[in-house]
Amino acid sequence: MKKFKYIFVIFILTLILPACSDDMSQRLLFEEDQQINTERSAFYAMTGILQQLQKVGDSYVIFGELRGDLMDVTQNSSQELRDISNFETDSTNSYLNPKEYYAIINNCNNLIAKIDTNLVISGSKALKLEMSAAKSIRAWSYLQLFLNYGKVYYYSKPMLSVDAQYSFTTITDFTQFSDSLIADLTPWKPADNVAEQFPGYGTIGAFSSSKLFIPIRFVLGELYLWRAEYAQAAKMYYQIIYTNQLTVLNYKNSWNSTQTGYVSNWTKLFTDLTLNEQLSYIGFSDEYANNTKIPAFTSKETYMLAPSKAAINTWESQTYSFTNTITQTGDLRGRNGSYSSFSELNELNDNVEYSYITKYKNMTNYVSVCRATLVYLRYAEAVNRMGKPSVAFVFLKYGLNKIILENTAYTTQTELKTKEAFIDFGQSHSDDESITLMFKNNIGMHSRGCGLVDLNNSFRFPAGVDSVEWVEDQLVTEYALETAFEGNRFNDLMRISNHRNDPTFLANKVAAKFPDEQKNSIIQLLSDKKNWYLPEKK
Amino acid sequence: MLQNALNAQSPADTLFVTGMVTDAATQEAIQGARIQAGKMYSAITNETGHYKVRLPYKNSMLEISAIGYLQRFVTTRGSQVKNVSVYKSSFVSPKNNPNAYSSTDALTLEDELQSRYGSDIRVVKRSGEQGIGSNLFIRGYNSLNANAKPLIIVDGVIWDDLTNVSSIQNGYFINPLLDIDVNDIESIEVMKNASSLYGSKAANGALIIKTNRGKSQATKITFDAMTGIIQKPQQIPVMNAAQYRTYVTDVLKESDFSEARINNLLFLQDDPTSLSYNKYHNDTQWGDQVYSNGISNRYAVSVQGGDEVAMYGFSMAYTGVNGVMNETTMDRLNTRFNSDINLSKSVNVATNISFSQIDRELRDDGVDARTAPGFLSLIKSPLFNGYKYTTVTGVLTDKLEGVDDLGVSNPLSIINNGIGQHKQYRFNISAEPVWDISKHIKISSLFGYSINKVKEHYFLPVNGVSAANLENYGMSYNVVKDQTMQQISVFNDTKFKYENTFADVHKLDFLLGFRMLSNRFESDYGEGHNTGGDYITNLLSSLAYKKVNGLNDVWNSKSVYAQASYSYAQRYSLWVVSSVDHSSRFGDNTKDGFRIGNDTWAVFPSVGVEWLVTGESFMKNMTFIDKLKLHSSFGLTGNDDIGNNAQRAYLQSVNYMDKAVGLKIANLNNPTLQWETTQKLDAGIDIAFLNERVNLSATVFSHKTQNLLTLKQNSMASGLGSYWTNEGELRNTGYELALGLKLINLKSFKWNMNISAAHYGNKITALPDGDYTTIICNAEILSSVGNPAGLFYGYKSLGVFASNEDALSAYNGVGLKMQNVNGTYSSFGAGDIHFDDKDGNGIINEKDKQIIGNPNPDFTGAAFNTFSFNNFTLDVVFTYSLGNDIYNFQRSQLESMSNFYNQSTAVVNRWIANGQETSIPKAIYGDPVGNGRFSDRWIEDGSYLKLQNIKLSYVIPIKSSFIDGLTVWTSVNNLVTFTGYLGGDPENSMNQSVLYQGIDYGLVSSGRIFNFGLKLNL
């Protein structure tokens, strides 16, 4: 038996040698084991949502723009992109992604159901911010689904079992839909004049984490605006403006003094993320293959998404004012900020000019969800619809500030008689109070690409038109000049068509980018609202 | 003894039988043969070969054994005289041969399974890599998406190994059976009937392996040595330099290379005085640079012996292989120590301890145009050289060349500067105390523990390797990958056994047992790119495009099982088996089974009957039939390999941006998820006649797998893709034939032949979301109701358009066209493939796809011949497969003619001129109309007949007190394969999943192996 022991020793040794252990990180977490009652667990759940948000960034842009009048396909575009552009998207189109939105919603539902908002750390309810952030992202996702598909499968409890996967309410009525969301969001909205707070995760990737969330007031503003509750909408947007101290400053593209070159400051709004222009975006990074494809799709090299002729015309047909008499044509946010051109020989050896989108060269690794200018534009849209076209127009031409608003030459004072708190850009304050000073620098939105617009005498209310509608037309143009390719366009056109109760508004706008022979069929197609919506993916 | 039997008192003379035992070849009487009748009575033949033995009952069976002869069973059938002739033991059937696995040339036991178990098990060798093993299938495929391989049981312990994990080394398979040295195997049993003894793990049958133990107290020492030469593998022949130059000129015409760039390509310039002439004017046989003959060596020692208290068997073996791909190696150490200790008269303990360590140096294999030296050796232009020439003098140096002007890696760089470490360890320990409570009752409990570990390290250098553009990341210049996996398994099998024989004719066995298996598995994987140079080969946090992931899995199963068998007079027998199983993988609200507490238990009953017809009196006069036995079994078995967590709702970690980790819902709870259920029915006949010269057995079987594990779409609102459910159904029916022939039985020359054939037909009968295809290696694999699994689904080709007129006439005078990615259309013209426009709309698209091949064979089997002449024995083994289609993925890459890769010599006949009739289309850069798309051009008949092994051994007649025996032998593997298949080897398999069968991923093919060995017994 002695021999046995000896052999045994050899075996024990060989067992120990290879058995050095590694760290034991868990990669799957069973649902029933998940508790969101610490900052760390809340962070993991929230990050999962943010990562899922990355999955909808590209389609947000593609469906929002390629169906609109500003973006077009190219000779390199796939059939699927062409189908989207032609409103022939079928249910197998791989860009359709309602599921990705529902994944955001389900993960939000899960966080909302599990998070312990009563957890108190250092005297504050530590996880309340995650709760409101999740509610906001969930509502925004639902809104995108409704706008894209005309219906939502509404549920607010986490769906964790295959048996429960059909437990939802199908809502096709926007009022009913938005009622639920408004009721859900309102309690989590910060008090008036109090800035909204977001979970503070420091810097993630190249981004300040607080901007990876969506302000609740923005989502509420959007919901109210779609509901045509303009005052409520204007209030929400104003609260964002006020609490974030947003101003329309001199970030403009302009000709230099000798009119030989450009000064490009407008692009800084997209490159300098320390400005408070970009309030909310979907952030990406090169890591882990989750990056956005939009910069590549729009690049000169890939060239699959391009500016439409209609978009280029919109920029090119603007008037740039050096003085009240010296002008140039063209808005400098176009050729010098949103797109550029190159020429190439075609098969017939002709030099052909191609235009390509450059905006995403500046928007490194993010898709903008909410930026200051957009909030101002939405605000102007709402205020205009409230019957205050001159307030909306001074926003475009002169800038919203005390001096302009009190100047009877610019602003119709009857529009200000009602003294809404959300139309206060210093008027109810003295000249040296901070609010007055803050807005003092507001310039006319249109001047960001069109020079000294306030000197442009032809940019004014024409006689004998419905001034609300005229201002709205200017805003529609301004949306194009300022926010083209960012993903909002089709929904902007939808919303304004709805408010005008005129589907042909959208139809005519979109048809503008099509060749003449196709225009009529597009107008006909889009005059029927049901063709505004995407098919559900198979 | 004989005297005893003769003198035994008997109640009636009819209960005696007398006769004579003779040698079947010489008819000479055999003295000393033992005749056993029942348990109680036996006799020994006298010098004239005669015997008389008492029978326990009428028609009882006699068991005749004599040294050097095969045991033989004969039935008396009521007669009182029974003369029996017996055969020399060289007539043993290959699967019953007790020496089958000693002195084998097989590195892994699958290599022996195919030849010995021809129709019992289908063995598909994965590749020619030494020891990589084979995929095993018993009676067709009983699953689509779950595991389809048989259960492996080694010395009573279930091996549930590194399930569904893959090596980071492309084309390599982590083979758990390599942990067993084949020479340590005593026996293998292939369990394929309907028995539900292994319940939810038995749907795919079982392989029950027993290792050698000490048998006798006399110490037996065996030395084994073997050395082998492994020939370079067969490759698809590729073009030489002259052919390639013409080819590449054709391709360049349509490429995006400008005329100026083409004119600057140095390999097209033929001025021998030019400084770079040598560099660009080679005729390199890359295959010879990458592959060379390999060597394998094996040395083993084993000791068996013991005393009354303890018996032991110890073995230690080293196997070393220098692979056919240069720089690849394998070193394996196997040790095993089995012992049986009698602790008391009624208690003994059997223990098994084994350790194996496998170290390999590997390189990527298969179709990988960037990293696999084997594939690179096919596609790399012969004009280049692997080594640099000096610039001015043009002298060849030993410095490696970089990536060539056409962007193709230098395979020699990967071989010399790459790293592909693979280390595999396995430690097993098991102990089984057995308590004989009484003569009839036994209790035993087998406890097993194993730790199984794999460590892999991979490095692909930057020098000489083309950069890769990783989608959404960026350029990868070099890459480091590391993987560690560890599995710890704990097993217990506790049994209560009762056996008794009543009145000599009623034999009753009863077994009640409890089995549990619990597993912990962890894997960690890390990958990083761009280390900055080839001197940094380790995974560091500073690397680019990092990927990390891993698994921590725990799963366990329990089973309560019972088996009762009854046999009457060795003529009729009946068994009933039932097992009741629980697994952590089952949902808790399943359709089948029952619940105790929170656990779902599945029930698997089965029953079997056997009738030895030749035991009956009425067979008395039908003496030409030596044996006729009918058997049948019916039962339910299951497959619990349905994913460890598929039924549970879980969140999965996701990486977000540079360093954040998040959790996302990844799976919904499906409480109804359960095992797959395979209902099995089989019936068979064993028949022997011509004095057992001819043995035939035939079995038919019919399997129906219900609750097939299939994917089903989740609702849109859930936000998730699909979930696993049990909604499909699959059927397998087939038959197995085995014929054993004692063809020549002369005094000194004998020929024993065993041929077998098996057929299965496989049909999917239900799928939850309808038919679908799965894309694997550019191929579409169809899963559709009414069809077999794994069908190839693609375009059908009707030849090559010889002229533009031909092309136009293919559809209404305008020709066929196809839509490009950007939405425009391209036309098929002269020199393009004429694809079948199934729907007749003039456009070749999705709708024209059809079934173009079936990877399921019509027949598989083997022919095992043993010739013996005095001390010489010659084994000649053929294996075959008939009627299976193979998708030759590698060839599709070598005949698509769309880039600068070197191509097979077949493309020399490509279409060049208008009117040319050929089957090979034109060469055109980028293949704009998709002539190389997945079509029947790449589907080939994979039938083959292979002379798998031929082995000659000679027992040297030594009379020595030290040496018990000395055998020398030589063998050749894969000597010749008769096949029309164009790839390296029709026997190949990239993956063990059902849907991957029949796809030739271009893994290294098996070359001939010449082995020489000797075995010395002391």
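Residues numbered from 1 in each chain as written. Chains lettered and ligands numbered in written order. Predicted model: local features only at pLDDT ≥ 70, side-chain atom pairs only at ≥ 80, totals over all residues. Heavy atoms only, no water.

## Overview of the overall build of chain A
On a plain count of helices and strands, chain A comes out with 22 helices and 17 strands. Relative to the compact-globule value of 24 Å for 538 residues, chain A shows a C-alpha radius of gyration of 26 Å, a close match. Projected onto the principal axes, the alpha-carbon positions of chain A cover approximately 115 × 70 × 50 Å. A total of 538 residues make up chain A; the buried ones form 58% of that total. Counted over contacts in chain A with a minimum sequence separation of 6, partners at least 24 positions apart contribute 70%. Roughly 21,600 Å² of accessible area belongs to chain A as shown, and the carbon and sulfur atoms make up 50% of that amount. (Helix = DSSP H or I, 4+ residues; strand = E, 2+ residues; numbered from the N terminus. Rg over C-alpha atoms; globule rule 2.2 N^0.38 Å. Buried < 20%, exposed > 50% of the residue type's maximum accessible area, 1.4 Å probe, protein only. Contact = heavy atoms within 4.5 Å. Areas by Shrake-Rupley, 256 points an atom, 1.4 Å probe, with all protein chains shown as cover.)

## Considerations on the environment of asparagine 336 of chain A
All names here are of chain A. Mapped onto the elements of the fold, asparagine 336 is located in helix α12 (residues 332-338). Between the alpha carbons of asparagine 336 and serine 254 there is a distance of 9.5 Å; along the sequence they are 82 residues apart. Other than its neighbours up to four places away in sequence, asparagine 336 contacts Asn253, Tyr262, Ser264 and Thr267.

## Considering the interface of chain A and chain B
Each partner contributes residues to the interface: chain A has 73 residues there, and chain B has 68 residues. When chain A packs against chain B, the two sides together hide about 6,300 Å² of surface, and 61% of this comes from carbon and sulfur. In this assembly, chain A and chain B are joined by 1 salt bridge. The partner of arginine 648 of chain B in a salt bridge is glutamate 32 of chain A, with the nearest N and O atoms 2.6 Å apart. Where chain A packs against chain B, one counts 19 residue pairs in polar contact (both at pLDDT 80 or more). Looking at the side of chain A that touches chain B, the elements that each hand over two or more residues are α1 (2-16), β1 (28-30), α2 (39-66), α3 (79-85), α4 (98-114) and β7 (203-204) of chain A. Counting residues per element, the side of chain A that touches chain B draws most heavily on α2 of chain A, at 10 residues. The class makeup of the residues in the side of chain A that touches chain B is 33 nonpolar, 25 polar and 15 charged. (Buried area = accessible area lost by both parts, 1.4 Å probe. Salt bridge = Lys/Arg side-chain N within 4 Å of Asp/Glu carboxyl O. Polar contact = N/O pair within 3.5 Å; in protein donor to acceptor, adjacent residues only side chain to side chain. Nonpolar A, V, L, I, M, F, W, Y, C, P; charged D, E, K, R; others polar.)

## Digging into the pattern of salt bridges
All chains considered together, the criterion is met by 70 salt bridges over all chains. Note that arginine 332 of chain B and aspartate 181 of chain B form a salt bridge whose closest N and O atoms lie 3.6 Å from each other. Of the two residues, arginine 332 of chain B is situated in strand β17 (residues 329-342) and aspartate 181 of chain B in the loop between β11 (157-159) and β12 (185-191); the sequence distance between them amounts to 151 residues. You'll find arginine 332 of chain B and aspartate 181 of chain B in the same group, each marked buried. Put simply, Glu277, Asp331, Arg333, Lys359, Arg371, Arg448, Glu478, Glu482 and Glu486 of chain A are held in one network by salt bridges that share partners.

## Looking at helix α14 (residues 372-385) of chain A
All names here are of chain A. Relative to the 20 Å expected for 14 residues at 1.5 Å per residue, α14 spans 20 Å between its end C-alpha atoms, a close match to the ideal helical length. For α14, a buried count of 13 out of 14 residues is recorded, marking the element as mostly surrounded by other parts of the structure. Once α14 ends, the next one or two residues include glycine 387, with phi positive near 95°. (Expected span 1.5 Å × (residues − 1).)

## Details of the packing of helix α7 (residues 216-226) of chain A against helix α8 (residues 230-244) of chain A
Residues and elements named next belong to chain A. Contact geometry of α7 with α8 gives a least axis separation of 7 Å together with a crossing angle of 155°. Taken as axis vectors, α7 and α8 run roughly antiparallel relative to one another. Between α7 and α8 lies a crossing whose hand is left-handed. Residues Arg217, Phe218, Leu220, Gly221, Glu222, Tyr224 and Leu225 of α7 lie in contact with α8, whose contacting residues are Tyr230, Gln232, Ala233, Met236, Tyr237, Gln239, Ile240 and Thr243. (Axes fitted to C-alpha atoms, helices over the stretch in contact; angles between N-to-C directions. Parallel < 35°, antiparallel > 145°, perpendicular 65-115°, else oblique. Left-handed = near helix turned anticlockwise from the far one by under 90°.)

## Considering empty space enclosed by the protein
All names here are of chain B. By the definition in use, this model includes 19 cavities of 30 Å³ or more. Approximately 250 Å³ is the volume found for the largest cavity. Lining of the largest cavity is provided by 19 residues; of these, Asn147, Lys149, Leu151, Asp160 and Asp641 occupy positions nearest its centre. Elements that contribute at least two residues to the lining of the largest cavity include exactly β10 (151-154) and β31 (625-639). (1 Å grid on protein atoms, 1.4 Å probe; cavity = no way out; pocket = protein on both sides within 12 Å on 5 of 7 lines; lining within 4 Å. Points joined across faces, edges and corners; volume = space filled by probe spheres on them.)

## Notes on the sheet that holds strand β49 (residues 939-941) of chain B
Pairing between sheet strands relies on hydrogen bonds along the backbone, with the strands arranged either parallel or antiparallel. Residue and element names in this part refer to chain B. Across the sheet, which stays open at both edges, the 3 strands sit in the order β49-β48-β52 with mixed pairing between neighbours. Here the strands that pair on one side only, and so sit at the sheet edges, are β49 and β52 (999-1000). Of the pairings in the sheet, the one linking strand β48 (residues 885-888) to β52 comprises 2 bridges and is parallel in character. From the neighbouring strand, tyrosine 887 faces β52, where its bridge partner is isoleucine 999. (Pairing = 2+ DSSP bridges.)

## A few points about the packing of aromatic side chains
What characterises a pair of aromatic rings is the spacing of the ring centres plus the angle enclosed by the ring planes. Per the stated rule, a full pass over the model turns up 62 aromatic pairs over all chains. Put simply, the rings of Tyr142, Phe146, Tyr154, Phe174, Phe177 and Trp226 of chain A touch in pairs and so form one group of aromatic residues. (Phe/Tyr/Trp six-rings, centres within 6.5 Å; stacked < 30°, edge-to-face > 60°.)

## Points about the environment of glycine 294 of chain B
All names here are of chain B. Inspection of the secondary structure puts glycine 294 in strand β15 (residues 294-306). A relative accessible area of 0% places glycine 294 in the buried class. In the structure, glycine 294 is positioned 610 residues away from serine 904 in sequence and 25 Å away in space, judged by C-alpha atoms. Beyond its immediate chain neighbours, meaning those up to four positions away, glycine 294 contacts Gly228, Ile229, Ile230, Asn322, Gly323 and Val324.

## Quick word on the confidence of the model for chain A
Residues and elements named next belong to chain A. Taken as a whole, chain A shows an average pLDDT of 89; of its residues, 94% reach a score of 70 or greater. Here α1 is the element of chain A with the lowest mean pLDDT, 38, and α7 is the one with the highest, 98. This stretch, residues 1-26, has a pLDDT under 50; its non-local contacts, to residues over four places away or in other chains, come to 36 contacts. (pLDDT = per-residue confidence, 0-100.)

## Here's the deal with the nonpolar core
In globular proteins that are soluble, nonpolar side chains generally tend to be buried together. Tyr102, Ile137, Trp140, Tyr142, Tyr379 and Phe395 of chain A are the most contacted members of the largest nonpolar core, which has 162 residues in total. When sequence neighbours within four positions are dropped, the list of residues in contact with tyrosine 379 of chain A reads Ala234, Tyr237, Tyr238, Ile241, Leu400, Phe422, Ile423 and Phe425 of chain A. Counting residues in each nonpolar core, the second largest holds 43 residues, with Tyr458, Tyr525, Cys777 and Phe934 of chain B among its members. (Core = buried A, V, L, I, M, F, W, Y, C linked by side-chain atoms within 4.5 Å.)

## Concerning helix α20 (residues 489-500) of chain A
All names here are of chain A. A rise of 1.5 Å per residue sets the reference length of α20, with its 12 residues, at 16 Å; its end C-alpha atoms lie 17 Å apart and thus fit the reference within 8%. Most of α20 is tucked away, with 11 of its 12 residues classed as buried. For α20, the set of buried residues is Arg489, Phe490, Asn491, Asp492, Leu493, Met494, Arg495, Ile496, Ser497, His499 and Arg500. At the C-terminal side of α20, asparagine 501 shows a positive phi close to 55°.

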